[in-house]
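Given next are the chains, with one letter for each unit.
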Amino acid sequence: MVQANQLQIQRVATCAQIREEGGASAQLKINKQQRQIAECGHQLEEIRTEQQRQNAERDRENAECDHQIMEIHTKQQRQTVERDRQIKEIQEQECTEQQCQFEEMQAEIERMRAQFAASKDIQ
(Lines give C-alpha, C1' and ligand atoms only; values in the text may rest on other atoms or scores of the structure.)
Protein backbone atom coordinates (compact mmCIF):
# COMPACT_ATOMS: atom_id res chain seq x y z
CA MET A 1 0.00 0.00 0.00
CA VAL A 2 2.83 2.35 0.83
CA GLN A 3 4.33 1.44 -2.44
CA ALA A 4 1.04 2.10 -4.20
CA ASN A 5 0.79 5.47 -2.48
CA GLN A 6 4.33 6.27 -3.44
CA LEU A 7 3.58 5.27 -7.01
CA GLN A 8 0.46 7.44 -6.92
CA ILE A 9 2.44 10.38 -5.51
CA GLN A 10 5.16 9.83 -8.05
CA ARG A 11 2.59 9.70 -10.87
CA VAL A 12 0.93 12.90 -9.64
CA ALA A 13 4.35 14.56 -9.41
CA THR A 14 5.21 13.39 -12.92
CA CYS A 15 1.89 14.69 -14.26
CA ALA A 16 2.51 18.01 -12.51
CA GLN A 17 5.99 18.17 -13.97
CA ILE A 18 4.66 17.35 -17.44
CA ARG A 19 1.97 20.02 -17.05
CA GLU A 20 4.55 22.50 -15.84
CA GLU A 21 6.94 21.70 -18.66
CA GLY A 22 4.07 21.71 -21.12
CA GLY A 23 2.93 25.03 -19.72
CA ALA A 24 6.43 26.41 -20.01
CA SER A 25 6.65 25.04 -23.53
CA ALA A 26 3.27 26.55 -24.32
CA GLN A 27 4.38 29.87 -22.85
CA LEU A 28 7.52 29.75 -25.00
CA LYS A 29 5.35 29.08 -28.04
CA ILE A 30 3.07 31.97 -27.08
CA ASN A 31 6.06 34.27 -26.59
CA LYS A 32 7.47 33.20 -29.96
CA GLN A 33 4.13 33.82 -31.66
CA GLN A 34 3.85 37.23 -29.99
CA ARG A 35 7.33 38.12 -31.27
CA GLN A 36 6.34 36.96 -34.75
CA ILE A 37 3.14 39.01 -34.60
CA ALA A 38 5.09 42.07 -33.47
CA GLU A 39 7.59 41.53 -36.32
CA CYS A 40 4.73 41.20 -38.81
CA GLY A 41 3.22 44.40 -37.47
CA HIS A 42 6.58 46.13 -37.90
CA GLN A 43 6.92 44.79 -41.45
CA LEU A 44 3.36 45.87 -42.24
CA GLU A 45 4.14 49.38 -40.98
CA GLU A 46 7.28 49.46 -43.15
CA ILE A 47 5.23 48.37 -46.17
CA ARG A 48 2.61 51.06 -45.48
CA THR A 49 5.31 53.70 -45.10
CA GLU A 50 6.92 52.62 -48.38
CA GLN A 51 3.55 52.66 -50.14
CA GLN A 52 2.86 56.17 -48.82
CA ARG A 53 6.29 57.28 -50.02
CA GLN A 54 5.68 55.76 -53.46
CA ASN A 55 2.21 57.34 -53.62
CA ALA A 56 3.65 60.74 -52.72
CA GLU A 57 6.37 60.33 -55.37
CA ARG A 58 3.78 59.29 -57.97
CA ASP A 59 1.57 62.26 -57.04
CA ARG A 60 4.57 64.59 -57.38
CA GLU A 61 5.44 63.12 -60.79
CA ASN A 62 1.81 63.41 -61.91
CA ALA A 63 1.67 67.03 -60.80
CA GLU A 64 4.89 67.72 -62.70
CA CYS A 65 3.46 66.07 -65.83
CA ASP A 66 0.24 68.05 -65.48
CA HIS A 67 2.29 71.25 -65.24
CA GLN A 68 4.29 70.31 -68.35
CA ILE A 69 1.08 69.50 -70.24
CA MET A 70 -0.36 72.89 -69.29
CA GLU A 71 2.84 74.62 -70.43
CA ILE A 72 2.72 72.78 -73.77
CA HIS A 73 -0.97 73.59 -74.18
CA THR A 74 -0.34 77.27 -73.41
CA LYS A 75 2.59 77.35 -75.84
CA GLN A 76 0.45 75.73 -78.54
CA GLN A 77 -2.31 78.28 -77.95
CA ARG A 78 0.19 81.15 -78.26
CA GLN A 79 1.60 79.64 -81.44
CA THR A 80 -1.90 79.22 -82.87
CA VAL A 81 -2.77 82.84 -82.07
CA GLU A 82 0.51 84.03 -83.63
CA ARG A 83 -0.01 81.86 -86.72
CA ASP A 84 -3.57 83.16 -87.12
CA ARG A 85 -2.30 86.73 -86.76
CA GLN A 86 0.36 86.13 -89.41
CA ILE A 87 -2.16 84.54 -91.78
CA LYS A 88 -4.51 87.48 -91.32
CA GLU A 89 -1.66 89.92 -91.91
CA ILE A 90 -0.63 88.09 -95.09
CA GLN A 91 -4.22 87.98 -96.28
CA GLU A 92 -4.63 91.70 -95.62
CA GLN A 93 -1.35 92.38 -97.39
CA GLU A 94 -2.42 90.28 -100.39
CA CYS A 95 -5.78 92.04 -100.40
CA THR A 96 -4.07 95.41 -100.30
CA GLU A 97 -1.74 94.37 -103.15
CA GLN A 98 -4.72 93.14 -105.18
CA GLN A 99 -6.56 96.37 -104.41
CA CYS A 100 -3.54 98.39 -105.59
CA GLN A 101 -3.33 96.33 -108.78
CA PHE A 102 -7.04 96.81 -109.34
CA GLU A 103 -6.74 100.56 -108.83
CA GLU A 104 -3.74 100.70 -111.16
CA MET A 105 -5.70 98.80 -113.79
CA GLN A 106 -8.65 101.19 -113.37
CA ALA A 107 -6.29 104.16 -113.74
CA GLU A 108 -4.79 102.58 -116.86
CA ILE A 109 -8.27 102.02 -118.29
CA GLU A 110 -9.20 105.64 -117.53
CA ARG A 111 -5.98 106.84 -119.19
CA MET A 112 -6.70 104.71 -122.24
CA ARG A 113 -10.28 106.06 -122.38
CA ALA A 114 -8.95 109.58 -122.16
CA GLN A 115 -6.46 108.88 -124.94
CA PHE A 116 -9.18 107.33 -127.03
CA ALA A 117 -11.49 110.27 -126.40
CA ALA A 118 -8.69 112.68 -127.22
CA SER A 119 -7.86 110.87 -130.44
CA LYS A 120 -11.54 110.89 -131.36
CA ASP A 121 -11.69 114.63 -130.80
CA ILE A 122 -8.67 115.13 -133.01
CA GLN A 123 -10.30 113.30 -135.89
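Residues numbered from 1 in each chain as written. Predicted model: local features only at pLDDT ≥ 70, side-chain atom pairs only at ≥ 80, totals over all residues. Heavy atoms only, no water.

Observations concerning the pattern of salt bridges
Pairing is possible between side chains that carry opposite charge, provided their charged atoms lie close to one another. In this structure the tally under the stated criterion is nine salt bridges. The closest approach of N and O atoms between arginine 60 and glutamate 64, which form a salt bridge, is 3.1 Å. Here arginine 60 pairs with glutamate 64, and both are found in helix α1 (residues 2-122), just four residues apart, close to one helical turn. Arginine 111 is paired through a salt bridge with glutamate 108; the nearest N and O atoms lie 2.1 Å apart. On the criterion of helical spacing, the pair formed by arginine 111 and glutamate 108 is a turn pair, its members being three residues apart in helix α1. The class of glutamate 108 is partly exposed, set by a relative accessible area of 33%. What emerges from the salt-bridge pattern is a single network uniting Glu57, Arg60 and Glu64. (Salt bridge = Lys/Arg side-chain N within 4 Å of Asp/Glu carboxyl O. Helix = DSSP H or I, 4+ residues; strand = E, 2+ residues; numbered from the N terminus. Buried < 20%, exposed > 50% of the residue type's maximum accessible area, 1.4 Å probe, protein only.)

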